[in-house]
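Examination of the molecular architecture
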Amino acid sequence: MAATSAKYPATVGTTQETGDDNNWTNPSNVGADDAAYAQITAATFDSGDVSYLLGATNFSMAVPANALSIDGIVVEIERYYANGQVTDIDVNLTKDGTTRAGSDKSTGANFPTSPAITTFGGAAVLWDTTWTVAQVNASTFGVLYKMGASANDADGFLDFIR
């Protein structure tokens, strides 16, 4: 089982889906481990509110074309909250850049109060779908993410998705 090193997205955007309440500020900041944060700090990010869908793609994966299979996919997100309380809502993968593929790996966990890395998936976790080398290497392969406020005037921050 060969592993690839951590990769960061070159393309990041947001999409408002039905029921989404707050857009991200500086969403492209999830493209590097640099303490520059994508965030929602609006006073209107209140209990029950959900962020816009944050899509991170174009990870420049380099799985060798002659690899026999994809054994698992690990996603790491560094995140924290400063006010209220913030939780993970959706942590999905995408094959085409927009459509969720496989299962949501969010557990609804609360964010910590200081920056910390949370791992989703695993070395033997395929997210309840199948993957080809070409799909993982494609620029449209990526992570789709949402967070939610579980207290009023919540502030949530993401440093990176890798």
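Preceding this section is the structure that the text describes.
Since this is a predicted model, take the numbers as computed values, not measurements. (Residues numbered from 1 in each chain as written. Predicted model: local features only at pLDDT ≥ 70, side-chain atom pairs only at ≥ 80, totals over all residues. Heavy atoms only, no water.)

What about the overall build of the protein chain?
Within the protein chain, the regular secondary structure consists of 1 helix and 9 strands. In the protein chain, the succession of α and β elements from N to C terminus is β-β-β-β-β-β-β-α-β-β. Against the compact-globule benchmark of 15 Å for 162 residues, the protein chain has a radius of gyration of 15 Å, which places it among compact chains. Principal-axis analysis of the C-alpha atoms places the extent of the protein chain at approximately 50 × 30 × 25 Å. Nonlocal contacts in the protein chain, meaning residues at least 24 apart in sequence, comprise 81% of its contacts between residues at least 6 apart. Per element, the accessible surface of the protein chain, about 7300 Å² overall, is 48% carbon and sulfur. The distance from the centre of the 7 positive side-chain charges to the centre of the 18 negative ones in the protein chain is 9 Å. (Helix = DSSP H or I, 4+ residues; strand = E, 2+ residues; numbered from the N terminus. Rg over C-alpha atoms; globule rule 2.2 N^0.38 Å. Contact = heavy atoms within 4.5 Å. Areas by Shrake-Rupley, 256 points an atom, 1.4 Å probe, with all protein chains shown as cover. Lys, Arg positive; Asp, Glu negative; His and termini not counted. Charge placed at Lys NZ, Arg CZ, Asp CG, Glu CD.)

A few points about unusual backbone geometry
One non-glycine residue, Asn26, lies in positive phi territory at about 55°. With respect to the element layout, Asn26 can be found in the loop between β1 (11-15) and β2 (38-40). Under the relative-accessibility criterion, Asn26 is labelled partly exposed at 41%. One non-glycine residue, Asp128, adopts positive backbone phi at about 60°. In this structure, Asp128 sits in the loop between β7 (116-122) and α1 (133-137). (Buried < 20%, exposed > 50% of the residue type's maximum accessible area, 1.4 Å probe, protein only.)

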